[in-house]
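Structural features, examined
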Amino acid sequence: MREIETIVVGGGPAGSTCARRLRQHGRDVVVLDKATFPRLKLCAGWITEKVLRDLEIAPGDYPHPMLPLDIRSHLRGLPFGLRWFPTPGKNFSIRRVEFDAWLLARSGAEVIRHDVRSIRRDGDRWIVDDAYACRWLIGAGGTMCPVRRAVFPNQRPKSRQIVTLEKEFSYPAREDACRLYFKRGLVGYAWVVPKGDGHVNIGLGAKAKYLRKSGTDIHAHFRAFVDDLVAEGRLDAATAAGLNETGHPYYLFTRDGAVRADHCLLIGDSAGLATMDLGEGIGPAVESGLMAADEILGRGTWDKAKVTLFSLAGVAQRLMRVANRRHLPAA
Ligand SMILES: Cc1cc2nc3c(=O)[nH]c(=O)nc-3n(C[C@H](O)[C@H](O)[C@H](O)COP(=O)(O)OP(=O)(O)OC[C@H]3O[C@@H](n4cnc5c(N)ncnc54)[C@H](O)[C@@H]3O)c2cc1C
């Protein structure tokens with residue numbers, strides 16, 4: 001059995017950020033991920049200025065395209081898009097397939113391809129699949145995290161099931177504006193996110209509960225959205241006809257679940273940290289990865305109350321707080 005100080009399960013933004021900070025302090029850390037990187041991750045790939053600051057990515061550091069986003073919001077009832085997207089800072093797009101692989105390689109941690117199945121406690125160590133033993137175990141395996149399932153088996157945090165569909169494809173004829181549609185008969189939103197290298201990501205997400213109530217199918221919404229883009233001249237009909245979108249149910253957990261057990265911390269999506277308004281999860285994943293590492297280093301405490309809760313700012317955030325009040329963590 002291999003002995004390691006810290007095992008991080010999951011090499012997405014949460015896991016790689018935590019691993020990087022531990023490596024920066026010379027600590028012994030291994031990342032286990034069931035995927036081989038670069039790996040596909042369903043995501044529009046929108047990141048904020050704060051994410052770049054937290055990750056210490058200076059202009060020119062990132063070797064792949066990163067596009068500053070000029071965002072237009074298409075609101076219910078308005079026939080045109082507004083240059084109005086009330087976030088606290090600048091916004092950018094990246095491709096997750098490139099971003100996550102680069103972050104993980106940059107972490108300097110050893111990465112082992114391993115699908116984690118079983119986890120048990122043995123004295124003061126965590127044992128993973130009877131192959132690895134560690135003092136600290138970090139659950140960063142996303143919404144289906146095996147650490148969450150094994151270490152917190154009775155935890156039933158409230159969750160809102162979101163159904164998402166998306167497609168990322170090469171589309172050099174794109175325009176450079178990012179568009180968010182809050183008006184398509186969906187309880188959710190749809191997006192068009194251009195990338196810096198001629199790719200574009202289009203998709204939508206909706207609350208499963210409301211889809212079930214309306215009796216409509218998410219694919220029908222996706223097709224209607226694509227048809228609208230064709231009608232608006234943003235997508236050509238031949239490309240639209242050839243798109244086969246992919247998707248999956250995605251759980252946005254509320255933040256009332258436990259995120260710590262004895263020397264075990266949950267971070268990122270496994271801790272239910274995506275923002276309550278837009279489901280932006282990369283920033284919260286990074287923030288939690290840094291705090292978890294600091295706890296292991298004895299420099300701080302992982303405190304989920306300190307993680308960004310809403311993406312929107314100002315009046316829009318206040319409206320979102322009201323809309324999401326049932327899911328807000330207890331004060
Ligand atoms: C359609 C869609 C669009 C989104 N768009 C955005 C966006 O534009 N901006 C934004 O900020 N957020 C967005 N999000 C949310 C964002 O993708 C997540 O919040 C973010 O990826 C969370 O990072 P993470 O590191 O916690 O988990 P993940 O990125 O999911 O990484 C988890 C890792 O764990 C690994 N893993 C899982 N199970 C095991 C196992 N058994 N053994 C070993 N490894 C395992 C996986 O292979 C994966 O690499 C979107 C989500 C969806 C579904």
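An account of the accompanying structure is given in this report.

Analysis parameters
Along each chain, the written sequence defines residue order, and numbers are assigned to residues from 1. Local features in this predicted model are restricted to residues of pLDDT 70 or higher, and side-chain atom pairs are both shown and tallied only at a pLDDT of 80 or more, whereas totals for entire chains, interfaces and linings draw on every residue. The basis for the side-chain values is all heavy atoms of the structure; hydrogens and waters are excluded. Summary of the distance rule: residues count as near a molecule or strand when at least one heavy atom falls within 4 Å of that molecule or strand. Counting of polar contacts relies on pairs of N or O atoms within 3.5 Å, with two restrictions inside protein: one atom must be capable of donating a hydrogen and the other of accepting it, and residues adjacent in sequence are counted only when both atoms are side-chain atoms. Per-residue and other accessible areas follow the Shrake-Rupley method at a 1.4 Å probe size, with only the shown protein chains counted as cover for residues. Where helices and strands are cited, they refer to DSSP runs of H or I of at least four residues and of E of at least two residues respectively, numbered from the N terminus. Using a 1.4 Å probe on the protein chains alone, a residue whose accessible area is under 20% of its type maximum counts as buried, one over 50% counts as exposed, and one in between counts as partly exposed. One bridge is not enough; two strands pair if DSSP finds at least two bridges between them. Between Lys or Arg on one side and Asp or Glu on the other, a salt bridge is scored when a side-chain nitrogen of the former is within 4 Å of a carboxyl oxygen of the latter.

**Notes on the site of the ligand**
Asp33, Arg96, Val116, Asp269 and Gly281 are the nearest of the 35 residues found near the ligand. Interatomic distance of 2.7 Å between a side-chain N/O atom of Asp33 and an oxygen atom of the ligand. Between the ligand and the protein, one listed contact pairs an oxygen atom with a backbone N or O atom of Gly45 at 3.2 Å. For the ligand, whose accessible area on its own is 1,000 Å², the fraction buried by protein is 94%. Elements represented by at least two residues in the shell around the ligand include exactly helix H1 (13-24), strand S2 (29-33) and helix H8 (282-296).

**Details of the pairing of strand S10 (residues 132-139)**
Burial analysis of S10 places 7 of its 8 residues in the buried class, which makes it a mostly covered element. In terms of strand pairing, strand S1 (residues 2-9) meets S10 through 7 bridges, oriented parallel. When the bridges of S10 are listed, Thr6 appears paired with Trp136. Here strand S9 (residues 125-128) runs beside S10; their pairing, made up of 3 bridges, is antiparallel. Of the residues in S10, the one forming a bridge with Ile127 is Ala133. The loop that links S9 with its antiparallel partner S10 comprises 3 residues; one of these, Asp129, has a positive phi angle of about 50°. Pairing of S10 with strand S17 (residues 264-266) involves 3 bridges; the strand directions are parallel. Bridge assignment links Gly139 to a residue of S17, and that residue is Leu266.

**Concerning the pattern of salt bridges**
Under the definition given, this model contains 21 salt bridges. Glu110 serves as the salt-bridge partner of Arg2, at 2.6 Å between the closest nitrogen and oxygen. Remark: Glu110 occurs in strand S7 (residues 110-113) and Arg2 occurs in strand S1; sequence separation between them is 108 residues. Among the residues examined, Arg2 registers a relative accessible area of 34% and is labelled partly exposed. Where Arg125 meets Glu3, a salt bridge forms, and the shortest distance between an N and an O atom there is 2.2 Å. Pair noted here: Arg125 is in strand S9 and Glu3 is in strand S1, with a separation of 122 residues, a long-range link. In this structure, a network of salt bridges that share partners links the residues Arg95, Glu168, Lys195 and Asp197.

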